[in-house]
Amino acid sequence: MSMPSQKEYLKMTLSDSGCELFMVLKDRLHLVQQQLCSPLFEEVWQKLSQLLNKYIYEEVVLQNRFNEGGATQLSYDITRGLFSLFGEYTQRPENYFKDLKECCILLTLKAGSAMLLKEVFQNAMHPNHSEDSLKPTDCVKALQDISIFKMLPDTALKILSLRTDLHI
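Now for a look at the structure at hand. (Residues numbered from 1 in each chain as written. Predicted model: local features only at pLDDT ≥ 70, side-chain atom pairs only at ≥ 80, totals over all residues. Heavy atoms only, no water.)

**A few points about the overall build of the protein chain**
Along its length, the protein chain carries seven helices and zero strands. In the protein chain, the succession of α and β elements from N to C terminus is α-α-α-α-α-α-α. Counting all 168 residues of the protein chain, 38% fall into the buried class. Restricting the contact set of the protein chain to residue pairs at least 6 apart, pairs at least 24 apart contribute 74%. When the accessible surface of the protein chain is totalled, it reaches about 10,500 Å², and 53% of it is carbon and sulfur. (Helix = DSSP H or I, 4+ residues; strand = E, 2+ residues; numbered from the N terminus. Buried < 20%, exposed > 50% of the residue type's maximum accessible area, 1.4 Å probe, protein only. Contact = heavy atoms within 4.5 Å. Areas by Shrake-Rupley, 256 points an atom, 1.4 Å probe, with all protein chains shown as cover.)

Next up, the structure:
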């Protein structure tokens, strides 16, 4: 996903495709909410959030490569569009989109930090048998340091490989 850098914008806005999706989704959820009792509607929106998380992760994130602008736009659309929309139904909408939240963290991580993280993963996965070799638990700790708790290190490395500013 290639977009101009955030520095080239005066103010970030939702992408056209994201905005259209979120408007339709909001309208449909509102209609469903009017038709269903509260407990059933809660089940519906939670299941929908799981499906959206999986779909956007598999069909948008994993199928593209991201420059700085594209990663920033995706993150903005997710945090300001998707999370805001589901924020009407829960105080912590990001908890229902953990895969996307964690992908956005990795995709928007400063290049230097991302390169260091990549190096930690590679050293842990391919140890050189010295005393100071990293262990797989070091990868988990490195991810936790940047607020990634669900994603596994090999998945994180795959997400980092989608960045155009890193050579993996």
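**Description of the side chain of Asn67**
With respect to the helices and strands, Asn67 occurs in the loop between helix H2 (38–61) and helix H3 (68–86). Assessed through its relative accessible area of 19%, Asn67 is described here as buried. Within the local environment of Asn67, its side chain forms a polar contact with the backbone nitrogen of Gly69, the two atoms lying 3.2 Å apart. (Polar contact = N/O pair within 3.5 Å; in protein donor to acceptor, adjacent residues only side chain to side chain.)

**Observations concerning the state of the cysteines**
Put plainly, two cysteines are in a disulfide when a covalent bond ties their sulfur atoms together. The tally for this structure, following the rule as stated, stands at zero disulfides. With no disulfide of its own, Cys103 lies 6.9 Å from the sulfur of Cys104, the closest cysteine sulfur. (Disulfide = S-S within 2.5 Å.)

**Structural notes on the nonpolar core**
Judged by nonpolar contacts, the single largest core of 40 residues is most densely connected at Val61, Leu82, Phe86 and Ile159. Those elements that provide at least two residues to this core are helix H1 (16–35), H2, H3, helix H4 (98–108), helix H5 (111–125), helix H6 (136–145) and helix H7 (153–160). Of the residues forming this core, the biggest block, seven residues, is contributed by H3. Ignoring sequence-local partners within four residues, the contact set of Leu82 consists of Phe22, Leu25, Leu52, Ile56, Asp77, Phe97 and Leu100. (Core = buried A, V, L, I, M, F, W, Y, C linked by side-chain atoms within 4.5 Å.)

**Structural notes on unusual backbone geometry**
Here the phi dihedral of Ser147 falls at roughly 65°; this positive angle occurs in a residue that is not glycine. Residue position: Ser147 is located in the loop between H6 and H7. By relative accessible area, which is 38% here, Ser147 ends up partly exposed.

**A word on the packing of H4 against H7**
For any two helices packed against each other, one specifies the crossing angle of their axes together with the interaxial distance. Relative orientation of the contacting elements H4 and H7 amounts to 50°, with a least axis distance of 9 Å. Here H7 runs oblique to H4, going by the angle between their axes. Both H4 and H7 take part in a crossing whose hand is right-handed. On H7, the residues touching Cys103, Leu106 and Leu107 of H4 are Ala156, Ile159 and Leu160. Residue classes in the contact of H4 with H7 are distributed as six nonpolar, no polar and no charged. (Axes fitted to C-alpha atoms, helices over the stretch in contact; angles between N-to-C directions. Parallel < 35°, antiparallel > 145°, perpendicular 65-115°, else oblique. Left-handed = near helix turned anticlockwise from the far one by under 90°. Nonpolar A, V, L, I, M, F, W, Y, C, P; charged D, E, K, R; others polar.)

**Details of the packing of aromatic side chains**
Summed over the entire model, instances satisfying the criterion amount to seven aromatic pairs. Measuring from ring centre to ring centre gives 5.2 Å for Phe86 and Phe97, while their planes differ by 65°; the resulting arrangement is edge-to-face. Of the two residues, Phe86 is situated in helix H3 and Phe97 in the loop between H3 and H4; the sequence distance between them amounts to eleven residues. Taken together, Phe41, Trp45, Phe83, Phe86, Tyr89, Tyr96 and Phe97 form an aromatic cluster joined through their ring pairs. (Phe/Tyr/Trp six-rings, centres within 6.5 Å; stacked < 30°, edge-to-face > 60°.)

**Notes on the environment of Ile105**
For Ile105, the position within the fold is in helix H4. Residues Ile105 and Thr72, spaced 33 residues apart in sequence, show a C-alpha to C-alpha distance of 9.9 Å. Look past the residues within four positions of Ile105 in its chain and what remains in contact with it is Ile146, Ser147 and Ile148.

Purely spatial values, then, with no claim about function.
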